[in-house]
Amino acid sequence: MSTQQEAPQDRVLTVPNTLSLARLVGVPLFLWLVLAEADWWALGVLVFAGLSDWLDGKLARVLNQTSRLGAVLDPAADRLYILATLVGLTIRDIIPLWLVAVLVARELAIVPIAPIVRRLGYGGTLPVHFIGKTGTLCLLYAFPLLLLGDHDGAVASAAKVVGWSFAIWGTGLYWWAAVLYWEQTRQLVVAARGSSAAGPASGAGQGEEPGQPGESGRDGPGRPGPPADPPSGDQKGAETPR
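What you are looking at is a predicted structure, and each value in this text was computed from that prediction instead of being measured. (Residues numbered from 1 in each chain as written. Predicted model: local features only at pLDDT ≥ 70, side-chain atom pairs only at ≥ 80, totals over all residues. Heavy atoms only, no water.)

Asks: Describe the pattern of salt bridges, and please don't skip the residues or the numbers.
Replies: Counting across every chain of the model gives seven salt bridges. Measuring nitrogen to oxygen at the nearest pair gives 3.7 Å for the salt bridge that ties Asp78 to Lys133. Here the residue Asp78 occupies a position in helix H3 (residues 68-91), and Lys133 occupies one in helix H6 (residues 130-148), the gap between them amounting to 55 residues. Owing to a relative accessible area of 3%, Asp78 belongs among the buried residues under this scheme. (Salt bridge = Lys/Arg side-chain N within 4 Å of Asp/Glu carboxyl O. Helix = DSSP H or I, 4+ residues; strand = E, 2+ residues; numbered from the N terminus. Buried < 20%, exposed > 50% of the residue type's maximum accessible area, 1.4 Å probe, protein only.)

The structure is reproduced here in structure tokens:
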């Protein structure tokens, strides 16, 4: 057949992408509900966000609907929910400023990774490590519990304790993931330098003239071939670090 099928990674209208878009639309709604102190509605939006975050990854694998758009939407929705929650809960004095500072500092710590990886030819992406995903989920569980803990009663008190447990674990895992992403980046830089150093040596051994392609393809001596895949984590396609 002459008709070409759309590659899975180029799909836009998929079930996982629809769920991720719905989560994005819910971000401003959630922030407005928190500031309006409509806490039960805000909790409902957060519960939907948490469930859809798990479900879109599951469906992407089961339905074979991984896509480049999904690799962008999924972590973007997570970060925006965390940002909106930090803003809302800080304004209402539910979480302290030091927690906000620690989480924002983590995001700033991984900002240089994208340009480094892009310069190495990987498109500015790294596989999402399961440690980062776990840390994100812990934070997404922590915030609704802390919001619930701002009320009176035994249930609220228990929710506050459990919420802070998730918040502390999530923050620790969030920073651990940042260290792992920097280690992945270091490995890529070392591999790229090794390829550059090996190129001239292999070309000289075969008696090739400068500027002529070697046996491996179109890349000449001294020019590394196409980069290998980045060190793998638990990934749904090539996603940005979380």
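There's plenty left to go through after this.
Asks: Got a sec to walk through the packing of aromatic side chains? Specific residues and values, please.
Replies: For the structure shown, the criterion picks out three aromatic pairs. Note on Phe30 and Tyr81: the rings are 6.2 Å apart at their centroids and 55° apart in plane angle, and the pair reads as tilted. Separated by 51 residues along the polypeptide, Phe30 in helix H1 (residues 15-35) and Tyr81 in helix H3 bring together distant segments of the chain. Each member of the pair Phe30 and Tyr81 is classed as buried. Between Trp98 and Trp164, the ring centres sit 6.2 Å apart and the planes meet at 25°, which makes this aromatic pair stacked. Separated by 66 residues along the polypeptide, Trp98 in helix H4 (residues 97-109) and Trp164 in helix H7 (residues 154-205) bring together distant segments of the chain. Classification of Trp164 by relative accessible area gives partly exposed; the value is 22%. Above the plane of the ring of Tyr174 lies Arg106, whose end atom (NZ or CZ) is 3.9 Å from the centre. (Phe/Tyr/Trp six-rings, centres within 6.5 Å; stacked < 30°, edge-to-face > 60°. Lys NZ or Arg CZ within 6 Å of the ring centre and 35° of its normal.)

Asks: I'd like a description of the side chain of Ser20, backed by residues and values.
Replies: Along the chain, the position of Ser20 falls in helix H1. Apart from the residues lying within four places of it in its own chain, the contact partners of Ser20 are Asp56, Leu73, Asp74 and Ala77. (Contact = heavy atoms within 4.5 Å.)

Asks: Describe a nonpolar patch on the surface, with residues and values.
Replies: Together, Leu35, Leu80, Leu83, Val87 and Ile91 make up a nonpolar patch on the protein surface, roughly 430 Å² of accessible area in all. It is H3 that provides the largest number of residues to the nonpolar patch, a total of four residues. Mapped onto the secondary structure, Leu80 falls in helix H3. Exposure remark for Leu80: the relative accessible area of 38% places this residue in the partly exposed category. (Patch = residues over 30% accessible without salt bridge, like charges linked within 9 Å, V, L, I, M, F, W, Y side chains within 5 Å. Areas by Shrake-Rupley, 256 points an atom, 1.4 Å probe, with all protein chains shown as cover.)

Asks: Please provide a residue-by-residue account of the packing of H1 against H3, values included.
Replies: Here H1 crosses H3 at 10°, and the two axes come no closer than 9 Å. Judged by the inter-axis angle, H1 sits roughly parallel to H3. (Axes fitted to C-alpha atoms, helices over the stretch in contact; angles between N-to-C directions. Parallel < 35°, antiparallel > 145°, perpendicular 65-115°, else oblique.)

Asks: Account for helix H2 (residues 39-62), naming residues and giving values.
Replies: Over its 24 residues, H2 runs 34 Å from end to end, which matches the ideal 34 Å to within 8%, given 1.5 Å per residue. Residues of H2 that are buried include every one of Asp39, Ala42, Leu43, Val45, Leu46, Ala49, Gly50, Ser52, Asp53, Asp56, Gly57 and Ala60, and no others. Next to the buried residues of H2 lie H1, H3 and H6. (Expected span 1.5 Å × (residues − 1).)

As far as function goes, none of this settles anything; it's purely spatial.
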